[in-house]
Amino acid sequence: MANSKTPSGKPRIGVYVCHCGTNIAGVVDVEDVANWSAEELKDIGVVLSRDNKFMCSSQGQELIESDIKEFGLNRVVVAACSPHLHEKTFRGACERAGMNPFFCEMASIREQVSWVTKDKKKATEKSKSMVAGAVNRVVYHEALEPIKVPINPTTLIVGGGIAGIQAALEIANTGHEVYLVEREPSIGGHMAQFDKTFPTLDCSACILTPRMSEVGMHPNINLLTWSEVENVDGFVGNFDVTIRKKSRCVIEEDCTGCGICVQKCPITVIDDEFGVGIGTRKAIYTPFDQAIPNYPVLDKENCTYFIKGTCRACEKFCATNAIDFEQQDEIINVTVGNIILATGYDLFDARKMPNYGYGRYPNVFTSMEFERLCNAAGPTNGEIVLRDGVTAPKSVAIVHCVGSRDKNHNNYCSAICCMQSLKFAHIVYERTGAEIHNFYIDIRTTAKNYDEFYQRVLDEGTLFVRGKVAEITDVPQNEAEEGKLIVQAEDTLAGLQRRIPVDMVILSVGLEPKGDSDEVAHQFGISCSSNGWFTEKHPKLDPVSTMTEGIFIAGCATGPKDIPASVSQGSAAAARVISYIEMGELELEPVRASVIEEICSGCKICNDLCPYNAIIFIEDKQVTEINEALCQGCGTCVAACPAGAIVGTGFSNEQILAQIEGLMMDFSVPEVV
């Protein structure tokens, strides 16, 4: 029957060729391809062939549905765009007409043909070849059924910055349990270090702290700070995660967060973490006043007890006996259904650009150092001063794009540097009245109210120099430059080389992936881009999913972005997780690899090759086994198996060879001489 799930007898194939407006039809003779398919491929099983301006439209889908029912089609080939974009669309049309959706095959004649050539004749010939390959292949398709897996309603979120906080609250507020893991002693991420946020200039702590407190008190959120994920096993709906909760040397249940231990600690050290080197802290400390949880952590490397075996002042003064020098790391095992990675970013190391003098000239600051300097809770209580801690600058240079848009370092734009630099210019103007020069390549103020903020800074008198800074030096060439830092740059608008003496330089350093992003990606079975950012399933249509089902990404883990974009992605990732939880079970693509045990020799060659960690070795049987819920059907193991014991569902030898045979058919028309 035409609407049976599994076709019987001779294949009855319908071919549909899409114009895609002019995306395909502008280069490919679509009508010729459709007519040729009907005539030349009828012996293979093609019973009709049509062209349509937009096959993905509702009219195009309805055409497929009606043809399946009217002409008894049991296979469909759609020559259009990439299967990555619309394969689900056309499979859905087939399924609604009663056909097993896996009897649908797509030929990409847009991405692989019309978008890569302007030669209409060759494009048309290649399109015929692609259609022939798809028709030959679809004959050998089999009826498949999706794999169904139950979804554990508990979620793991890795990273306690603003994106992770947003995702955790969104999920927890629907009544589902969340584990939020943060490697630092407190949640808050980089946003907790900022003074103000652009373009509204509201206090960063004022808008972040309530969210942090809500996370700390939420009954559905298990907050694990000073913790790291050590291992991840399993698959979507059923991930087994091992978490190491590092020793704080503080018994959290007994600690009241009074801070007396911090006050009495005699050891003061440079705060290289939260204070980025311009502030100090004690050997036992909380990162900042609003830290959540507000429990201190003991720095064993600087603690006198761990160095010399003496002191223990914090223990002596603790009224609740919450200090425990013998406390060990705790291993926690949890089972979750979905995982969101919101691991954030690192800052570009300005020392990699020695021509800017960072680390050599004391009054060259990085953007994060300036954030702490101008913060009311910073080392100078918000006073903008030079490194001597006393002198206010009378002239300040702000350098954009340090380490970004630079072929020697990072090619990409870091997204926040322009607005961050404009914010700095406003703060300097507001608090010191200093003369300010902003050195920029291009001003990129594209989001809501961003350009208005730029105009405001212009009106305040900030001077803008369009040109990349070549060098920052302290070598004067005249009396006006004595005792100053000299910023040497090309002013491309004026066509001049400029030397501008200033008291302070702020380097707007770019954003980089976390230093361990490759290791984290491998641990969770996802991939990174060439720049090191986590890779999305689709940059436009699915920016928070990854190729590993059940693993989602949000915030700056995927690439540079500002706070509103990070919050939006945190909510988007949470929405995807909530939709999975509400479904109860998830249908997975049945295109998976499987092992023929009778042929498997137990050589283990495939075991270490799987990028999704889906292959295990069964010692009792001495054979390899593939977890179909973890497998993504990439085919790496199929190609690697020397015995041919692994087969790929939906990519059998018969299907591949048939497709190759169709692709190699000769469609050229001899020229008339």
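These numbers come from a predicted model, not from an experiment.

Calculation rules
Numbering of residues begins from 1 in every chain and follows the order in which that chain's sequence is written. Residue-level local features of this predicted model are given only where pLDDT is at least 70; pairs of side-chain atoms are given and counted only at 80 or more, and the full residue set underlies all totals for whole chains, interfaces and linings. The side-chain quantities take in all heavy atoms of the structure and omit both hydrogens and water. Runs of H or I in DSSP of at least four residues are treated as helices and runs of E of at least two as strands, each being numbered from the N terminus. Type-normalised accessible area, obtained with a 1.4 Å probe on protein chains alone, sets the label of each residue: buried when under 20%, exposed when over 50%, and partly exposed for intermediate values. Contact criterion: two residues are considered in contact whenever any of their non-hydrogen atoms come within 4.5 Å of each other. Throughout, the Shrake-Rupley method with a 1.4 Å probe supplies accessible areas, and for residues the shown protein chains are the sole cover considered. In what follows, salt bridge is the name for a side-chain nitrogen of Lys or Arg lying within 4 Å of a carboxyl oxygen of Asp or Glu. Throughout, the arc means the angular range of directions from the helix axis out to the C-beta atoms. Two strands qualify as a pair provided that DSSP identifies no fewer than 2 bridges between them. Here an axis means a line fitted to C-alpha atoms, over the contact stretch when the element is a helix, while the angle between two N-to-C directions is reported on a 0 to 180 degree scale. The pairing test for Phe, Tyr and Trp rings, Trp by its six-membered ring, is centres within 6.5 Å, and the orientation test on the planes gives stacked under 30 degrees, edge-to-face over 60, and tilted for anything in between. For each domain, the first and last residues come from an automatic or database assignment. Reported buried area values correspond to the accessible surface (1.4 Å probe) lost by two parts on association, with both partners' losses combined. Residues adjacent in sequence count toward polar contacts only when both atoms are side-chain atoms; beyond that, a polar contact is any pair of N or O atoms within 3.5 Å, and within protein one must be able to donate a hydrogen and the other to accept it. Just so you know the grouping, Ala, Val, Leu, Ile, Met, Phe, Trp, Tyr, Cys and Pro go in nonpolar, Asp, Glu, Lys and Arg go in charged, and all remaining residues, Gly too, go in polar. Every crossover in which the path from the first strand over the helix to the second runs clockwise, viewed with the strands pointing away from the viewer, is termed right-handed. Residues form patches when they are more than 30% accessible in relative terms and have no salt bridge. Like charges link within 9 Å. Nonpolar side chains (Val, Leu, Ile, Met, Phe, Trp, Tyr) link within 5 Å.

Undergrad: Before we move on, can you summarise the overall build of the chain with the specific residues and values?
TA: Helices and strands together make up the secondary structure of the chain, namely 17 helices and 34 strands. Burial status across the chain gives 52% buried among its 673 residues. Put simply, of all contacts in the chain between residues at least 6 apart along the chain, 69% involve residues at least 24 apart. Per element, the accessible surface of the chain, about 30300 Å² overall, is 50% carbon and sulfur.

Undergrad: Go over the pattern of salt bridges with me, naming the residues and quoting the values.
TA: Taken as a whole and assessed by the stated rule, the structure comprises 36 salt bridges. Linking D299 and R281 is a salt bridge whose minimum nitrogen-to-oxygen distance equals 3.0 Å. You can see D299 sitting in the loop between β16 (297-298) and α9 (304-308) and its partner R281 sitting in strand β14 (residues 279-282), a full 18 residues away along the chain. The pair formed by D299 and R281 is uniform in burial state, with each residue classed as buried. The shortest N-O distance in the salt bridge between R351 and D349 comes to 3.7 Å. A relative accessible area of 32% means that D349 is categorised as partly exposed. Residues joined in a network through salt bridges with shared partners are R183, E228, K246 and D516.

Undergrad: Talk me through helix α13 (residues 450-459); I want residue IDs and the actual numbers.
TA: Taken as a whole, α13 has its buried residues at Y450, F453, Y454 and V457. The buried residues of α13 occupy an angular sector of 105 degrees when projected down its axis, which confines them to one face. Along α13, the residues that are exposed and aim more than 90 degrees away from the buried face are E452 and D459. Against the buried residues of α13 lie α12 (417-432), β23 (463-466) and α15 (563-583). Positive backbone phi, at 105 degrees, marks G461, one or two positions downstream of α13.

Undergrad: Pulling in residues and values, what's your account of the sheet that holds strand β24 (residues 469-473)?
TA: Taken in spatial order, the three strands line up as β24-β25-β26 in an open sheet, and their pairing is antiparallel. Of all strands in the sheet, those bounded by a partner on one side alone are β24 and β26 (496-502). The mean inter-strand angle of the sheet, taken between neighbouring strand axes irrespective of direction, is 20 degrees. For β24 and strand β25 (residues 485-491), the ladder comprises four bridges, and the chain directions are antiparallel. What sits directly across from V469, in β25, is A489.

Undergrad: Summarise the side chain of S421; cite the residues concerned and give the values.
TA: Its place among the elements puts S421 in helix α12. Here S421 is in contact with I398, H400, N438 and S508, once residues within four sequence places are set aside.

Undergrad: Mind laying out the packing of aromatic side chains, listing which residues take part and the relevant values?
TA: We describe a pair of aromatic rings using the distance from one ring centre to the other and the angle between the two ring planes. Tallied over the entire structure, the rule returns ten aromatic pairs. A ring pair is formed by Y305 and F306, whose centres lie 5.3 Å apart and whose planes are at 80 degrees; its orientation type is edge-to-face. Aromatic side chains Y412 and W533 sit 5.9 Å apart centroid to centroid with 70 degrees between the ring planes, which places their arrangement in the edge-to-face category. You can see Y412 sitting in the loop between β21 (395-402) and α12 and its partner W533 sitting in the loop between α14 (517-524) and β29 (551-553), a full 121 residues away along the chain. Each member of the pair Y412 and W533 is classed as buried. Members of the aromatic cluster, each reached through a chain of ring pairs, are Y305, F306 and F325.

Undergrad: I'd like a description of the sheet that holds strand β27 (residues 504-509), backed by residues and values.
TA: The parallel open sheet is built from five strands, whose spatial order is β20-β27-β21-β22-β23. At either margin of the open sheet sits one strand with a lone partner, and together these are β20 (364-366) and β23. Ignoring strand direction, the axes of neighbouring strands in this sheet form an average angle of 20 degrees. Alignment of β21 against β27, held across five bridges, turns out to be parallel. Bridged to I398 within β27 is I506.

Undergrad: Mind laying out helix α1 (residues 30-40), listing which residues take part and the relevant values?
TA: Those residues of α1 that fall on the buried side of the exposure criterion are V30, V33, A34, W36 and S37. All buried residues of α1 fall inside an arc of 165 degrees around its axis, so they share one side. At its buried positions, α1 is contacted by β1 (13-18), β2 (46-52) and α5 (120-138).

Undergrad: Requested: an account of the domain arrangement of the chain, with residues and values cited.
TA: Taken domain by domain, the chain consists of domain 1 (13-146), domain 2 (147-246 + 329-343 + 524-584), domain 3 (247-328), domain 4 (346-512) and domain 5 (593-648). Of note, the centres of domain 2 and domain 4, computed from C-alpha atoms alone, are 33 Å apart. In total, domain 2 and domain 4 occlude about 1700 Å² of area from one another, counting both sides; carbon and sulfur atoms represent 67% of this. Of the charged contacts in the structure, one is a salt bridge between R431 and D195, with a shortest N-O distance of 2.8 Å. Counting across the interface, domain 2 meets domain 4 through six residue pairs in polar contact (both at pLDDT 80 or more). For the side of domain 2 that touches domain 4, the class distribution of residues is nine nonpolar, four polar and four charged.

Undergrad: How would you summarise the pairing of β2 if you had to cite specific residues and measurements?
TA: Both β1 and β2 contribute to a ladder of six bridges, which runs parallel. The partner of V17 across the bridge, within β2, is D51. At this point the chain moves from β1, through α1, to the parallel β2, and the crossover so formed is right-handed.

Undergrad: Could you give me a rundown of a nonpolar patch on the surface, with the residues and numbers involved?
TA: Taken together, the side chains of F651, I656, L657, I660, L663 and M664 present a nonpolar region at the surface, about 570 Å² in accessible area. Counting through the fold element by element, L657 comes out in helix α17 (residues 653-663). Given the relative accessible area of 56%, L657 is considered exposed.

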